[in-house]
Amino acid sequence: MSLEQNLAAGYDQFALAYLQARAEGKLLNDYIEVPEMINTVGDVEGLRLLDVGCGSGIHLQQYVAKGAKAAGIDISKVMVELAQKENPAARIIHGSVYKLPFNEACFDIVTSSLALFHVEELGRAFLEISRVLNREGRLVYSDLHPFGYSEIPAVGNKFVENELLPGFMFPHWRRGVGYHTEKWTETGFQLTGFKDCYPSQQLRAVNHKAYEIRSAFPLFCIYSARKINQ
Ligand SMILES: C[S@@+](CC[C@H](N)C(=O)[O-])C[C@H]1O[C@@H](n2cnc3c(N)ncnc32)[C@H](O)[C@@H]1O
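About the thresholds
- Residues numbered from 1 in each chain as written.
- Predicted model: local features only at pLDDT ≥ 70, side-chain atom pairs only at ≥ 80, totals over all residues.
- Helix = DSSP H or I, 4+ residues; strand = E, 2+ residues; numbered from the N terminus.
- Rg over C-alpha atoms; globule rule 2.2 N^0.38 Å.
- Buried ≥ 20, exposed ≤ 12 C-beta atoms within 10 Å, placed from the backbone.
- Contact = placed C-beta atoms within 7 Å.
- Pairing = 2+ DSSP bridges.
- Right-handed = clockwise from strand over helix to strand, strands pointing away.
- Near = placed C-beta within 6 Å.
- Axes fitted to C-alpha atoms, helices over the stretch in contact; angles between N-to-C directions.
- Left-handed = near helix turned anticlockwise from the far one by under 90°.
- Nonpolar A, V, L, I, M, F, W, Y, C, P; charged D, E, K, R; others polar.
- Parallel < 35°, antiparallel > 145°, perpendicular 65-115°, else oblique.

### Examining the overall build of the chain
Across its full length, the chain holds 9 helices and 9 strands. The globule rule puts the C-alpha radius of gyration for 230 residues at 17 Å, and the 17 Å found for the chain is close to it. In terms of overall dimensions, the chain has C-alpha extents of about 45 × 40 × 40 Å along its principal axes. Expressed as a percentage of its 230 residues, the buried residues of the chain come to 42%. Of the contacts made within the chain by residues no fewer than 6 positions apart, 67% connect residues no fewer than 24 positions apart.

As structure tokens, then:
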């Protein structure tokens with residue numbers, strides 16, 4: 001089994017537990033990454049938007065509500081089913097970022113929330129995203145913050161595998177900003193923004209300790225880039 005197949009099987013198996021943790025308000029993402037990402041992506045009214053690694057489609061719901069003509073793609077069949085159920089107005093496809101089943105230049109913006117850290121060949125993923133983006137299209141994606149975990153510094157391109165939920169191994173890459181920059185340069189993207197994700201006030205009420213820690217050490221960050229003509 002390839003790493004990607006393993007990962008898809010893991011998300012297939014744990015999709016419902018992930019959803020359950022979300023429903024119980026236990027996913028820090030919902031108080032940190034989701035609001036910051038939606039805010040950073042901004043106005044999407046009328047835009048053709050693709051969410052890569054869309055998971056159960058929580059971001060897609062908000063993009064659709066804000067008027068985007070949205071599509072999503074994910075390697076986990078179970079996640080795709082959940083996302084389609086939650087987002088009847090969006091087209092959700094089972095597939096990989098390496099091979100997007102879309103024509104050239106058919107999106108104005110590609111978003112990706114906490115998914116590209118699972119992708120081994122980041123440059124190859126950027127090239128494929130660039131192909132489906134129009135001229136000067138935007139790429140906005142979130143990642144684990146390079147300084148979010150002091151025990152695993154993100155320098156270069158480090159493979160890490162840890163247990164996300166009991167029994168769910170979580171292979172991902174801890175990457176430094178320098179590594180991302182190298183890949184944008186190679187694939188024709190230019191950085192337009194970098195954001196540390198701070199927790200929303202809601203987290204303060206729900207989990208005060210996590211709020212304090214993640215206000216001091218941001219868990220996630222968001223990169224915004226624009227396709228440049230070459
Ligand atoms: C941490 S989850 C995030 C899901 C969703 N974006 C969210 O924030 O709720 C990562 C997602 O990326 C998907 N994924 C991982 N590698 C992928 C790839 N090569 N192509 C498309 N999706 C991928 C996984 O199946 C999983 O649903």
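### Topic: the pairing of strand β3 (residues 91–94)
As judged from the 4 bridges shared by strand β2 (residues 69–74) and β3, these two strands associate in the parallel manner. By the bridge assignment, Ala71 is partnered in β3 with Arg91. With respect to chirality, the unit in which β2 leads through helix α5 (residues 77–86) into the neighbouring parallel β3 is right-handed.

### A closer look at the site of the ligand
Around the ligand, a shell composed of 22 residues is seen, among which Gly53, Gly55, Ser76, Ser113 and Ala115 lie nearest. In terms of residues, the shell around the ligand owes the most to one element, helix α1 (residues 3–23), which gives 4 residues.

### Things to note about the environment of His172
Tracing the backbone shows His172 in strand β7 (residues 168–175). You can call His172 buried: it has 21 C-beta atoms within 10 Å. Separated by 135 residues in sequence, His172 and Met37 have C-alpha atoms that sit 20 Å apart. Not counting chain neighbours up to four residues away, the residues in contact with His172 comprise Phe117, His118 and Val160.

### Here's the deal with the packing of helix α3 (residues 33–41) against helix α4 (residues 58–65)
For the pair α3 and α4, the least separation of the axes is 11 Å and the interaxial angle reads 35°. Like other packed secondary-structure pairs, α3 and α4 cross with a definite hand, here right-handed. Facing α3, whose interface residues are Val34, Met37 and Ile38, α4 presents Ile58, His59 and Gln62. Its residues placed into classes, the contact of α3 with α4 shows 4 nonpolar, 2 polar and no charged.

### Quick word on the packing of α1 against α5
For the pair α1 and α5, the least separation of the axes is 7 Å and the interaxial angle reads 40°. Viewed along their axes, α1 and α5 adopt a mutual orientation that is oblique. Contacts between α1 and α5 involve Tyr11, Asp12, Ala15 and Leu19 from the first element and Lys77, Val78, Met79 and Leu82 from the second. Considering only residue class, the contact of α1 with α5 consists of 6 nonpolar, no polar and 2 charged.

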